[in-house]
Amino acid sequence: MSSSTGTLPDPVSELIDIGREFHRRGWSLGTSSNYSVVTARDPLRLTITGSGFDKGRLISADFVEVDGNGHATASVGPKPSAETLLHAVLARAAGAGAVLHTHSVWATLLSEAHLSEGCLTLSGYEMLKGLAGITTHETRVDIAIVPNTQDIARLAAELELRVAGSQPGIRHGFLMAGHGLYTWGRDLAEARRHIEVLEFLFEVVGRKRQLR
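Residues numbered from 1 in each chain as written. Predicted model: local features only at pLDDT ≥ 70, side-chain atom pairs only at ≥ 80, totals over all residues. Heavy atoms only, no water.

Asker: Explain the overall build of the protein chain here, please?
Answerer: Helix and strand content of the protein chain: 5 helices and 8 strands. Mapped in sequence order, the helices and strands of the protein chain form the string α-β-β-β-α-β-α-β-β-α-β-β-α. At 17 Å, the protein chain has a C-alpha radius of gyration in line with the 17 Å of a compact globule built from 212 residues. In terms of its C-alpha atoms, the protein chain occupies a principal-axis envelope of roughly 50 × 40 × 30 Å. Classification of the 212 residues of the protein chain by burial places 48% in the buried group. In the protein chain, the proportion of contacts linking residues at least 24 apart, taken out of those at least 6 apart, comes to 61%. By element, 52% of the accessible surface of the protein chain is carried by carbon and sulfur atoms, the whole surface being about 10300 Å². Here the protein chain carries 21 positive and 23 negative side-chain charges, and the mean point of each set is 4 Å from the other. (Helix = DSSP H or I, 4+ residues; strand = E, 2+ residues; numbered from the N terminus. Rg over C-alpha atoms; globule rule 2.2 N^0.38 Å. Buried < 20%, exposed > 50% of the residue type's maximum accessible area, 1.4 Å probe, protein only. Contact = heavy atoms within 4.5 Å. Areas by Shrake-Rupley, 256 points an atom, 1.4 Å probe, with all protein chains shown as cover. Lys, Arg positive; Asp, Glu negative; His and termini not counted. Charge placed at Lys NZ, Arg CZ, Asp CG, Glu CD.)

Here's what the structure looks like:
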């Protein structure tokens, strides 16, 4: 939140708070997940979590600034996350102001279960209205699922084409099979809301199947 003096919140402080919350909720356990905020557009600059840090115990020294190619802009500091290039592509191609990546149980299970279909379909739920541009529960949202890979450059190139619309689109987020959820927003507040909405819906879908 903004302070009473009207100053903008520090993105690193906000990401530290998000890390603690997401860890508490079981979405970012161990050293999993990565989070970023765009700090400049021309040239593109992002502040992102460094590699290998416990997201429930982040401190300011655990973050690094990167450029539009996912490279650190300084010679000292933590190593950027292995998936940094994905954040840069989403900032560029989707216009994201923030990108959040989680590793929840339900995202992991459902992404594996639906990999052959290429997406997880969510429809008819009131919570869908928490996603940008959705105004009714009478809608269908397909969350794309991509295979898990260590070839981040190839995946980044594929995502750029899909987000740009020259291949089947990705609008609100995507799942990496057996891995987790990526989502984004025009700012950190919207990206955080998208995580909450999608993680809620993943759990609903999973538990509904258990009830059957």
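Still more to cover.
Asker: For this particular structure, what's the right way to read the environment of Gly180?
Answerer: Note on placement: Gly180 falls in strand E8 (residues 180-185). Looking at Gly180, the relative accessible area reads 0%, which means it is buried. Gly180 sits 74 residues away from Trp106 along the chain, and the two C-alpha atoms are 8.7 Å apart. Other than its neighbours up to four places away in sequence, Gly180 contacts His101, Thr102, His103, Ala107, Phe174 and Leu175.

Asker: Looking at this structure, how should I read the packing of aromatic side chains?
Answerer: Aromatic ring pairs are defined here through the distance separating the ring centres and the angle between the ring planes. Inspection of the entire model under this criterion finds 4 aromatic pairs. Centre to centre, the rings of Phe22 and Tyr35 are 5.9 Å apart; their planes meet at 85 degrees, and the pair counts as edge-to-face. Separated by 13 residues along the polypeptide, Phe22 in helix H1 (residues 11-24) and Tyr35 in strand E1 (residues 34-41) bring together distant segments of the chain. Each member of the pair Phe22 and Tyr35 is classed as buried. Between Phe174 and Tyr182 the ring centres are 5.1 Å apart and the planes differ by 10 degrees, which places this aromatic pair in the stacked class. Members of the aromatic cluster, joined through ring pairs, are Phe22, Trp27 and Tyr35. (Phe/Tyr/Trp six-rings, centres within 6.5 Å; stacked < 30°, edge-to-face > 60°.)

Asker: What's the story with the nonpolar core in this structure? I'm lost.
Answerer: In summary, soluble globular proteins display a tendency toward joint burial of nonpolar side chains. By size, the foremost hydrophobic cluster in this structure holds 34 residues, and its most contacted members are Leu100, Leu122, Leu175 and Phe202. Elements with a minimum of two residues in this core: H1, E1, strand E4 (98-102), helix H3 (105-113), strand E5 (119-123), strand E6 (140-146) and helix H5 (188-211). At 8 residues, the largest contribution of residues to this core is made by H5. For Leu175, the contacting residues outside a window of four places in its chain are Ala107, Ser111, Leu120, Ile143, Ala144, Ile145, Val146, Gly180, Leu181 and Phe202. With 17 residues, the next largest nonpolar core counts Ala144, Val146, Met176 and Trp184 among its residues. (Core = buried A, V, L, I, M, F, W, Y, C linked by side-chain atoms within 4.5 Å.)

Asker: Sorry, what's going on with H1 here?
Answerer: Given 3.6 residues to a turn, an α-helix orients residues that are three or four positions apart in the same direction. Compared with the 20 Å implied by 1.5 Å per residue over 14 residues, the 20 Å span of H1 between its first and last C-alpha is a close match. Those residues of H1 that fall on the buried side of the exposure criterion are Val12, Leu15, Ile16, Ile18, Gly19, Glu21 and Phe22. Buried positions along H1 lie against E1, strand E2 (44-49), strand E3 (63-67), E4 and H5. Regarding H1, its N-cap is Asp10, as a side-chain oxygen of that residue lies 3.2 Å from the backbone nitrogen of Val12 further along. (Expected span 1.5 Å × (residues − 1). Polar contact = N/O pair within 3.5 Å; in protein donor to acceptor, adjacent residues only side chain to side chain.)

Asker: How do you make sense of the side chain of His179 when you look at a structure like this?
Answerer: Structurally, His179 is set in the loop between strand E7 (173-176) and E8. Overall, His179 belongs to the buried group, its relative accessible area being 11%. Side chain to side chain, His179 and Asn148 meet in a polar contact 3.2 Å long. Leave out the neighbours within four places in its chain, and His179 touches Glu83, His101, Thr102, His103, Thr108, Ser111 and Asn148.

Asker: Quick question: what am I supposed to make of H3 here?
Answerer: Residues of H3 that are buried: Trp106, Ala107, Leu110 and Ser111. One face of H3 carries all of its buried residues, which in axial projection span an arc of 120 degrees. Exposed residues lying more than 90 degrees from the buried face of H3 are Val105 and Glu112. Where H3 is buried, its residues meet E5, E6, E7, E8 and H5. Measuring from the backbone nitrogen of Ala107 back to the side-chain oxygen at the start of H3 gives 3.1 Å, which picks out Ser104 as the cap. (Arc of directions from axis to C-beta.)

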